[in-house]
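Chain by chain, the residues:
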Amino acid sequence: MAKKITAPLTPETVKDLRAGDSVLISGTIYTGRDLAHKRLTDSLKAGEKLPFDLAGAVIYYVGPSPAKPGQVIGSAGPTTSYRMDAYSPLLMEKGLRGMIGKGNRTPVVLDAMKKYGAVYFAAVGGAAALIAKTIKKAKVIAYDDLGPEAVRELEVEDFPAIVINDMYGGDLYEQGVAQYKKD
Amino acid sequence: MKEIQFDAIRDAVAKLCIDANCLLGDDVVQAFEDGLKIEESPAGKDILNQLLENEQIARKEMMPICQDTGWAVVWVKLGSGVRVQGGELYDAIQQGVARGYTDGYLRKSIVKDPLRRVNTKDNTPAIIYTDIGPGDGLEIIVQPKGGGSENMSEVKMLSAADGAEGIKRFVVDRVARSKANPCPPVIVGVGIGGTFEKCAMLAKHSLLREIGSVHPDPFYADMEKELLERVNKLGIGPQGLGGRVTALAVFVEAFPCHIATMPCAVNINCHAARHKSVTL
Ligand code: SF4
């Protein structure tokens, strides 16, 4: 059974999640990928205000396809997360508590997750039309010039994801592959 | 001489871009269904079911299967008896890609320069490979290629002494190191022989094959079978969560080779294995 959780995340929610848990996320999340991460980090370093509040925030690594007339958003599956690894620890230090993407993270990110109490979820890469159905509202709130890479505020309802890395060092990718590997 | 109109080529390419991105091939859908029969992991099964559902939504609503609608890689087979009327062939293709990605609400993922990274806003330029031969036909294949799986690809210059086992080890290892990143289940394209760049093109071209098709050369048919078995023993599974179905197929394309070399390229394709063709 999937756990229903609400974003932004409270410390209690993060503590309750374990690698392997299926979740349905409702609430407000933000999109951001390569260039947006660079700009957010540059702003933090320059002491500027960010376009959204990082406290408990969840960032979804996605660059959606354009919405057709009548659609809230186009197809919106996750992009590969490791490209954000250089930026994630600083964002966690400043309050980020959830990341949604696909693929493996590097040890610096995993360490920061333990240190600050954050969680990494995977959404199904390539299930982009299906995922789009759980996004009820979408609004560009920063970096409009970046097109698909702009930061959007999303209202989601039962957005399906799975916990890959929890704040205790659990790693579903490691555990899952070890279980099915054959020599 | 057969005359083909510029506009007809442009419009055909635009339609191919949209259809390729929204309508997954029957062979891929079949491969998901076959995968469901052998997948042991509950999470893996769940994902294959979601991919089937995703394909249905995309088809019904004509929206992209994946938000990364890729580089437009275009393969052209041009008969020497064809003359394009009203403009240049390459212009027609580029304009067709721009139109397809714009009118089809496909994502524009191409930046003008690799370091200065400003979006071209219409997904051009397309990457065009042309083969000129006899006849008066014009065949065009559009193969949108996503970035996540492209990033897990590699060329290696092996030597003849490494033999078939050296090639196999490189291929299996490349998939193992890719883990969850290229959205498994994947399709593994392998190019062997030719020059450094030729083998990469062979690998990309092999991804156009239908899943379930058998290599015409029994030697490579056996190699593909063995590689698929070895890859599927890695345990990566759908989306890397652990499972049996890491790859849906392995395709090998070989080419004559220099006596001093044995290049091998692995081009990984995700389950969003998209390509559509037309003959004008
Ligand atoms: S690797 Fe393929 S399925 Fe995954 S996000 Fe990229 S294009 Fe989509």
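Definitions and cut-offs
- Residues numbered from 1 in each chain as written.
- Chains lettered and ligands numbered in written order.
- Predicted model: local features only at pLDDT ≥ 70, side-chain atom pairs only at ≥ 80, totals over all residues.
- Heavy atoms only, no water.
- Axes fitted to C-alpha atoms, helices over the stretch in contact; angles between N-to-C directions.
- Helix = DSSP H or I, 4+ residues; strand = E, 2+ residues; numbered from the N terminus.
- Parallel < 35°, antiparallel > 145°, perpendicular 65-115°, else oblique.
- Left-handed = near helix turned anticlockwise from the far one by under 90°.
- Contact = heavy atoms within 4.5 Å.
- Salt bridge = Lys/Arg side-chain N within 4 Å of Asp/Glu carboxyl O.
- Buried < 20%, exposed > 50% of the residue type's maximum accessible area, 1.4 Å probe, protein only.
- pLDDT = per-residue confidence, 0-100.
- Near = heavy atom within 4 Å.
- 1 Å grid on protein atoms, 1.4 Å probe; cavity = no way out; pocket = protein on both sides within 12 Å on 5 of 7 lines; lining within 4 Å.
- Sits in = over half its atoms within 2 Å of the grid points.
- Nonpolar A, V, L, I, M, F, W, Y, C, P; charged D, E, K, R; others polar.
- Domains from an automatic or database assignment.

Student: Before we move on, can you summarise the packing of helix α2 (residues 26-38) of chain B against helix α3 (residues 42-61) of chain B with the specific residues and values?
Tutor: Residue and element names in this part refer to chain B. Two numbers describe how α2 lies on α3: the axes approach to 9 Å, and their chain directions differ by 155 degrees. Judged by the inter-axis angle, α2 sits roughly antiparallel to α3. As for the relative orientation of α2 and α3, their crossing is left-handed in sense. Within the contact between the two elements, α2 uses Val29, Phe32, Glu33, Gly35 and Leu36 and α3 uses Lys45, Leu48, Asn49, Leu51, Leu52 and Glu55.

Student: Kindly report on the pattern of salt bridges, identifying the contributing residues and their values.
Tutor: Under the criterion given, the structure shown has 32 salt bridges over all chains. The closest approach of N and O atoms between Arg33(A) and Glu149(A), which form a salt bridge, is 3.8 Å. Placement of Arg33(A) in the loop between β2 (22-31) and α2 (34-45) and of Glu149(A) in the loop between β6 (135-142) and β7 (151-165) is noted, with a sequence separation of 116 residues between them. Owing to a relative accessible area of 12%, Arg33(A) belongs among the buried residues under this scheme. Residue class for Glu149(A) comes out buried when judged on its relative accessible area of 16%. In this structure, the salt-bridge partner of Glu154(B) is Arg177(B), at a minimum N-O distance of 3.1 Å. In this pair, Glu154(B) sits in strand β6 (residues 154-158) while Arg177(B) sits in helix α6 (residues 163-178), placing the two residues 23 residues apart along the sequence. Taking the relative accessible area as the measure of exposure, Glu154(B) reaches 25% and is therefore partly exposed. In the salt-bridge network here, residues are joined through shared partners; they are Glu165(B), Lys168(B), Arg169(B), Glu226(B) and Arg230(B).

Student: Give me the lowdown on the confidence of the model for chain B, citing residues and values where you can.
Tutor: Per-residue pLDDT for chain B averages 97, and the proportion of residues at 70 or more is 100%. This complex was scored by the predictor with a pTM of 0.95 and an ipTM of 0.93.

Student: Just give me the short version of the site of the ligand, but keep the residues and values in it.
Tutor: Residues in close proximity to the ligand total 14 residues, the closest being Cys66(B), Ser149(B), Cys183(B), Cys270(B) and Arg274(B). With respect to the ligand, the chains having nearby residues are chains A and B. When atom positions are compared with the pocket grids, the ligand is found to occupy the largest pocket. Here the residues of the shell around the ligand are counted per class, giving six nonpolar, five polar and three charged. Each of domain 1 (2-20 + 65-145) and domain 2 (148-273) of chain B accounts for three or more of the residues forming the shell around the ligand.

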